[in-house]
Amino acid sequence: IEYEEKGQTGMNSRDQIAESLKWKLTDIYATEELWEADYAAAQALVADFPAHAGKLSASADALYAALCDDSSIWQLVERVYTYTHLHKDEDNGNTKYQGMTDRALQLYVSAQAASSFLDPEILTIPEEKLLAWASEERFARFRFRIADVDRRRAHTLSTEEERLLAMAQEPLSGADNIFTMLTDVDLDYGTVVNESGEEVKLTHGSYNMFIVSPDRRVRKDAYETFYKAYRGMKNTLNATYSTSVKGDVFQARAHKFEGALESALHGNGVPVAVYEQLIEAVHESLPVLKKYLNIRKRVMKVDQLEMYDLYVPITPDVDDDMSYEEAKALVKEALKPLGAEYQTLLEKAYTEGWIDVYETPGKTSGAFCAETYGVHPYVLLNFQGKTDDAFTLGHELGHAMHSHYSAESQPFETSHYRILAAEVASTVNETLMTHHLLKGETDRVKRAYYITQFLESFRTTCFRQTMFAEFEMKAHRMAENGEPLTVDSLSEMYRALNELYYDGAHVDDNIALEWMRIPHFYNAFYVYQYATGLCSAVKLADDILHANAVERYTNFLRSGGSDYPIEELKAAGVDLTKKESILESLRVFAQYVDELDALMQ
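Residues numbered from 1 in each chain as written. Predicted model: local features only at pLDDT ≥ 70, side-chain atom pairs only at ≥ 80, totals over all residues. Heavy atoms only, no water.

> Sorry, what's going on with the overall build of the protein chain here?
Helix and strand counts for the protein chain come out as 26 helices and five strands. Against the compact-globule benchmark of 25 Å for 601 residues, the protein chain has a radius of gyration of 25 Å, which places it among compact chains. Taken along its principal axes, the extent of the C-alpha atoms in the protein chain is 75 × 65 × 50 Å. Across the 601 residues of the protein chain, 52% fall into the buried class. Within the protein chain, contacts between residues separated by at least 24 positions form 75% of all contacts whose residues are at least 6 apart in sequence. Entry remark: accessible area of the protein chain is about 26000 Å², with carbon and sulfur atoms responsible for 51%. Here the protein chain contributes 59 positive and 96 negative side-chain charges, whose respective centroids are spaced 3 Å apart. (Helix = DSSP H or I, 4+ residues; strand = E, 2+ residues; numbered from the N terminus. Rg over C-alpha atoms; globule rule 2.2 N^0.38 Å. Buried < 20%, exposed > 50% of the residue type's maximum accessible area, 1.4 Å probe, protein only. Contact = heavy atoms within 4.5 Å. Areas by Shrake-Rupley, 256 points an atom, 1.4 Å probe, with all protein chains shown as cover. Lys, Arg positive; Asp, Glu negative; His and termini not counted. Charge placed at Lys NZ, Arg CZ, Asp CG, Glu CD.)

Structure (structure tokens):
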């Protein structure tokens, strides 16, 4: 039954969806007896693994045996967990797969506990001896991991000290939980009168809808009401955030880092210069952002551009209806610059059970890509029949192809790419799709729509996230220098950053409190990766289109986790340690601003 033949509920049940439009989880396990067999095998390996403890330094054989068993455990755990979790994603109300997912999660936790001694014990092996063992041919697949563990040697404490710090992790991370409970559960955001004159409750979800309302009165009321709630809890939220910052500083100092930023970047092998160069490059491009804001102000015909005016669309909505077949064709056509092999893989994804296409009762919302070594990737969609859904398809297939190429080219131990590289391939696909749509589009309204979509993505992902990153850096350095983190000091600093980044808009007392509501701030120094990922992708897409860089790019996809993302991207043509790499992508932003300016005259 075709999806378009909907019943009275407006949504087909899962058994009414054609098999060709559903993913094929039997490619992971043909039967659930096989799943049970792997589950039991993983349990046995986990139970036996602690026997390796205390023996790693005895010989190269002992270390090799432990690493092999560890790898076997995690291959099984990944496969077992992915299978049952994807079944649960099909219908989250399915109690059978709820139970199986809980079992898989318990296995995951027990595997973590059983192998927790591994890295600390590797560091008890003298460095010269460890590296000599790692140079043996049989250690090839473990070599990067051993080198990565050895790199942390200077920042690893004694076993007892590390144990004490591990025991302190739960209370040290308590600020995040307090923030979540306060802002998602206990805080009352009040009510707003909507466009129809109805009084409705304000929540995180409804605020995101109100802030794009074409009715400026609704946007303003929602904005002011929302921040009134945060103002009423400002001292509690300040205490929560400052506690989180001080916890970061404590852990960095305990592990002998110069500061919290250095500590956070060390895990991915990212030099501090990358963080600082990103901020410098974005600062240099702020005049272009101001020009874009002035276009918005002109089109909206407002005397003063307010912060609640930044998200409302400034072009007519031309997100056309598009069938799934048309979306597949658009993605393939737009990604032709990536070469014939990539085209073949897209066709495999379409026809061989990689993608679960349509919304059904109980299905997990949104979209994602899941991977498990030795099996093709899986993409979950909730396709609604719009051009925007085609972009989602292209985005998730970017993840899928990155996972496929990595797994095809790397052993399990180096097949998983790190978070800094994770959004690059998906955003390359989106950028190529935008270029393709614009290449043949002569309608001024549609061109303006596509360009604005791209520019908004750039504004919120590059400029806004870089502003967040700068705030985090400044807040932590204040704490490291012994400066008090008060409501006033943090709000003044955040207000000054908004005045710098959003020159051309009115920065008011409400936006000065925005730092109080950003959940990512409780996972410090994470958000900069959104900006570097976007800038890397835009630069790579430009090189693919204009500099014959397809082979370089494909090699990046194949590199998986075989090196640090900075080095992998450098080989692909993006050196994030140099400001110029960021500036090149920001010049693409500037070109589109200029075109939008001409279109919207």
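Okay, back to it.
> I would appreciate a short explanation of the confidence of the model for the protein chain in the present structure.
Per-residue pLDDT for the protein chain has a mean of 94; in total, 98% of the residues score no lower than 70. Across residues 1-9 the pLDDT falls below 50, and counting only partners more than four positions away or on other chains, this stretch makes 14 contacts in the model. (pLDDT = per-residue confidence, 0-100.)

> Help me understand helix 15 (residues 286-300), please; the structure alone is not making it clear to me.
In an α-helix, one full turn covers 3.6 residues, which means residues spaced three or four apart are oriented alike. Taking 1.5 Å of rise per residue, 15 residues should cover 21 Å, and helix 15 covers 21 Å from first to last C-alpha, within 8% of that figure. Remark: Lys301 follows helix 15 within two positions and exhibits a positive phi of approximately 55 degrees. (Expected span 1.5 Å × (residues − 1).)

> What exactly am I supposed to notice about empty space enclosed by the protein here?
Over the atoms a probe the size of a water molecule is rolled, and this reveals where empty space is left. Evaluated as defined, the whole model comprises one cavity of 30 Å³ or more. Taken as a whole, the largest cavity encloses approximately 40 Å³ of empty space. Residue lining of the largest cavity: Arg14, Ile17, Leu21, Lys22, Asp356, Val357, Tyr358 and Thr360, and that is the complete set. The residue makeup of the lining of the largest cavity, split by class, is four nonpolar, one polar and three charged. (1 Å grid on protein atoms, 1.4 Å probe; cavity = no way out; pocket = protein on both sides within 12 Å on 5 of 7 lines; lining within 4 Å. Points joined across faces, edges and corners; volume = space filled by probe spheres on them. Nonpolar A, V, L, I, M, F, W, Y, C, P; charged D, E, K, R; others polar.)

> Where do I start with the pairing of strand 5 (residues 375-380) in this structure?
Within a regular beta strand, the side chains point alternately toward one face of the sheet and then the other, so they alternate between its two faces. Where burial is concerned, most of strand 5 is hidden: six out of the six residues are buried. Two strands pair when backbone bridges link them, and strand 3 (residues 355-356) and strand 5 are joined in this way by two bridges, in the parallel orientation. Within the sheet, the bridge partner assigned to Ile355 lies in strand 5 and is Val379. As paired strands, strand 4 (residues 368-372) and strand 5 are joined by four bridges and run antiparallel to one another. (Pairing = 2+ DSSP bridges.)

> Help me understand the packing of aromatic side chains, please; the structure alone is not making it clear to me.
Geometrically, a pair of aromatic rings is defined through the distance of the ring centres and the angle of the planes. Tallied over the full model, the rule gives 41 aromatic pairs. Seen from their ring centres, Phe49 and Phe117 are 5.5 Å apart, and the 35 degrees between their planes marks the pair as tilted. Taken as a pair, Phe49 in the loop between helix 1 (32-48) and helix 2 (60-90) and Phe117 in the loop between helix 3 (95-114) and helix 4 (118-122) lie far apart in primary sequence, 68 residues in all. Judged by its relative accessible area of 16%, Phe117 is buried. (Phe/Tyr/Trp six-rings, centres within 6.5 Å; stacked < 30°, edge-to-face > 60°.)

> Explain the layout of surface pockets here, please?
The calculated volume of the second largest pocket comes to roughly 1200 Å³. Together, 47 residues line the second largest pocket, and Gln453, Glu456, Ser457, Thr460 and Thr461 are the ones closest to its centre. Secondary structure elements with two or more residues in the lining of the second largest pocket: helix 10 (204-210), helix 11 (216-232), helix 18 (387-409), helix 20 (424-439), helix 21 (444-480) and helix 23 (528-546). Among the elements that make up the lining of the second largest pocket, the one with the highest residue count is helix 21 (13 residues). Class assignment for the residues of the lining of the second largest pocket results in 21 nonpolar, 16 polar and 10 charged.

> Before we go on, may I ask you to explain the nonpolar core in this structure?
A general tendency of soluble globular proteins is for nonpolar side chains to be buried together. Grouped together as the largest cluster of nonpolar side chains are 150 residues, with contacts concentrated most on Tyr324, Ile355, Leu397 and Phe458. Considering each element in turn, this core owes the most residues, 17 residues, to helix 21. Filtering out sequence-adjacent residues up to four positions away, Tyr324 remains in contact with Leu21, Tyr350, Ile355, Val357, Tyr358, Leu381, Phe383 and Leu393. (Core = buried A, V, L, I, M, F, W, Y, C linked by side-chain atoms within 4.5 Å.)

> Explain the pattern of salt bridges here, please?
When the charged atoms of two side chains lie near each other, side chains of opposite charge can form a pair. Within the structure shown, the criterion is met by 47 salt bridges. Residue Glu36 is joined to Arg103 by a salt bridge in which the shortest nitrogen-to-oxygen separation is 3.0 Å. On the criterion of sequence distance, the pair formed by Glu36 in helix 1 and Arg103 in helix 3 is long-range, its members being 67 residues apart. When its relative accessible area of 35% is taken as the criterion, Glu36 is described as partly exposed. (Salt bridge = Lys/Arg side-chain N within 4 Å of Asp/Glu carboxyl O.)

> Would you mind showing me how to read a nonpolar patch on the surface here?
Together, Leu105, Tyr108 and Val109 line one region of the surface with nonpolar side chains, adding up to about 250 Å² of accessible area. Since its relative accessible area comes to 41%, Leu105 is described here as partly exposed. (Patch = residues over 30% accessible without salt bridge, like charges linked within 9 Å, V, L, I, M, F, W, Y side chains within 5 Å.)

> How should I be thinking about the sheet that holds strand 5 in this particular structure?
Here we have three strands laid out as an open sheet, ordered 3-5-4, and mixed in their pairing. Where the open sheet ends on each side, the last strands, each with one partner, are strand 3 and strand 4. The strands touched by helix 18 within the sheet are strand 3, strand 4 and strand 5, with strand 5 carrying the most contacts at an inclination of about 165 degrees. (Axes fitted to C-alpha atoms, helices over the stretch in contact; angles between N-to-C directions.)

> Is there a simple way to explain the environment of Ser158 in this structure?
As for its placement among the helices and strands, Ser158 is situated in the loop between helix 6 (143-151) and helix 7 (159-167). Spatially, the C-alpha atoms of Ser158 and Leu278 are 35 Å apart, while their sequence positions differ by 120 residues.

> Is there a simple way to explain unusual backbone geometry in this structure?
What you tend to see is this: most non-glycine residues have negative phi, and most peptide bonds are trans. Unlike most non-glycine residues, Lys256 shows phi in positive territory, near 65 degrees. For Lys256, the position within the fold is in the loop between helix 12 (234-254) and helix 13 (260-266). By relative accessible area, Lys256 is classed as exposed at 55%. Phi at Asn548 takes a positive value of approximately 50 degrees, unusual for a residue other than glycine. As for its position among the elements, Asn548 is in the loop between helix 23 and helix 24 (550-558).

> Help me understand the side chain of His87, please; the structure alone is not making it clear to me.
You can see His87 is positioned in helix 2. When its relative accessible area of 14% is taken as the criterion, His87 is described as buried. Not counting residues within four places of it along the chain, the set of residues in contact with His87 comprises Leu25 and Tyr97.

> Explain the packing of helix 15 against helix 26 (residues 579-599) here, please?
Any two packed helices are characterised by how steeply their axes cross, that is the angle between the axes, and by the distance between the axes. The contact between helix 15 and helix 26 brings their axes to 10 Å, and the two run at 25 degrees. Considering their axes alone, helix 15 and helix 26 lie roughly parallel with respect to each other. Helix-helix and strand crossings are classified by hand; for helix 15 and helix 26 the assignment is left-handed. Packed against helix 15, whose contacting residues are Val288, Leu289, Lys291, Tyr292, Ile295 and Arg298, the element helix 26 presents Phe589, Ala590, Val593, Asp594, Leu596 and Asp597 at the interface. Considered class by class, the residues forming the contact of helix 15 with helix 26 number eight nonpolar, no polar and four charged. (Parallel < 35°, antiparallel > 145°, perpendicular 65-115°, else oblique. Left-handed = near helix turned anticlockwise from the far one by under 90°.)

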